[in-house]
Amino acid sequence: MNQRANSDRKMGGLVYSTEAGRMCPLCRQPQASCQCKSQARAAPVGDGRVRVSRETQGRGGKAVTVVRGVALDAAGLLALGKSLKALCGSGGTVKDGVIEIQGDHVDRVMAALQAQGHQVKRAGG
């Protein structure tokens, strides 16, 4: 038997419990009380600058404004993303610590972030 199968058997393979529901595969606690997610989504440590760029690669030629390096927690990023989307009047998403706003709104987003006190830098061409 290989090493991985042996270690999986030692940890147990419980993924769902009728008492607690879904279980976290890392800490084996119910997902409602799992601490793994909050530790993994801590604010990224960077150089203190927010980088705003315009990307089209992998999006069928459509422009997307991307905001990286904002030192906020997950809830703060969601709130900032929502306010920036409302400011630009377009859709977007927040995932993996990056805010994506549909369309080319780099100048508008940079002005809004500077007004909020962030150090903003335009990235890319």
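Remember, it's a predicted structure, so these values are computed and weren't measured experimentally. (Residues numbered from 1 in each chain as written. Predicted model: local features only at pLDDT ≥ 70, side-chain atom pairs only at ≥ 80, totals over all residues. Heavy atoms only, no water.)

A few words now on the side chain of Thr-65. Examined against the element boundaries, Thr-65 turns out to sit in strand S4 (residues 64-68). A residue is classified by how much of its surface remains accessible, and Thr-65, at 0% relative accessible area, is buried. In terms of polar contacts, Thr-65 uses its side chain to reach the backbone carbonyl oxygen of Gly-103, at 2.7 Å. A distance of 2.8 Å separates a polar side-chain atom of Thr-65 from the backbone nitrogen of His-105. Here Thr-65 is in contact with Val-52, Ser-53, Ile-99, Glu-100, Ile-101, Gly-103, Asp-104, His-105, Val-106 and Val-109, once residues within four sequence places are set aside. (Helix = DSSP H or I, 4+ residues; strand = E, 2+ residues; numbered from the N terminus. Buried < 20%, exposed > 50% of the residue type's maximum accessible area, 1.4 Å probe, protein only. Polar contact = N/O pair within 3.5 Å; in protein donor to acceptor, adjacent residues only side chain to side chain. Contact = heavy atoms within 4.5 Å.)

Counting 16 residues, the largest nonpolar core has Val-52, Val-67, Leu-84, Ile-99, Val-109 and Leu-113 as the members making the most contacts within it. Broken down by secondary-structure element, the contributors of at least two residues to this core are strand S3 (49-55), helix H3 (74-88), strand S6 (98-102) and helix H4 (106-115). Counting residues per element, this core draws most heavily on H4, which supplies five residues. Leaving out residues up to four positions away in the same chain, Val-52 has contacts with Thr-65, Val-66, Val-67, Val-106, Val-109, Met-110, Leu-113, Val-120, Lys-121, Arg-122 and Ala-123. (Core = buried A, V, L, I, M, F, W, Y, C linked by side-chain atoms within 4.5 Å.)

In this model H3 runs 21 Å from its N-terminal to its C-terminal C-alpha over 15 residues, within 8% of the 21 Å that 1.5 Å per residue would give. Where H3 is concerned, the buried positions are Gly-76, Leu-77, Leu-80, Gly-81, Leu-84 and Cys-88. Around the axis of H3, the buried residues are gathered within 130° of arc, so they sit on the same side. Exposed positions of H3 whose direction lies more than 90 degrees from the buried face are Ala-75, Leu-78, Lys-82 and Ala-86. Downstream of H3 by a residue or two, Gly-89 has a phi angle that is positive, lying close to 70°. (Expected span 1.5 Å × (residues − 1). Arc of directions from axis to C-beta.)

Examined against the element boundaries, Glu-100 turns out to sit in strand S6. Residue classification places Glu-100 among the buried residues on the basis of a relative accessible area of 16%. A polar contact of 3.2 Å, which involves the side chain of Glu-100, links it to the side chain of Arg-59. Once you skip the residues sitting within four places of it in the chain, Glu-100 turns out to touch Arg-59, Val-64, Thr-65, Val-66, Gly-91, Gly-92, Thr-93 and Lys-95.

Next up on the list: H4. What H4 keeps buried is the set Val-106, Val-109, Met-110, Ala-112 and Leu-113. Each buried residue of H4 sits inside an arc of 165° when the element is viewed along its axis, so together they form one side. Pointing more than 90 degrees away from the buried face of H4 are the exposed residues Asp-107 and Ala-115. Contacts made by the buried residues of H4 are with S3, S4, H3, S6 and strand S7 (119-122). Note on H4: the residue one or two positions beyond its end, Gly-117, has a positive phi of about 95°.

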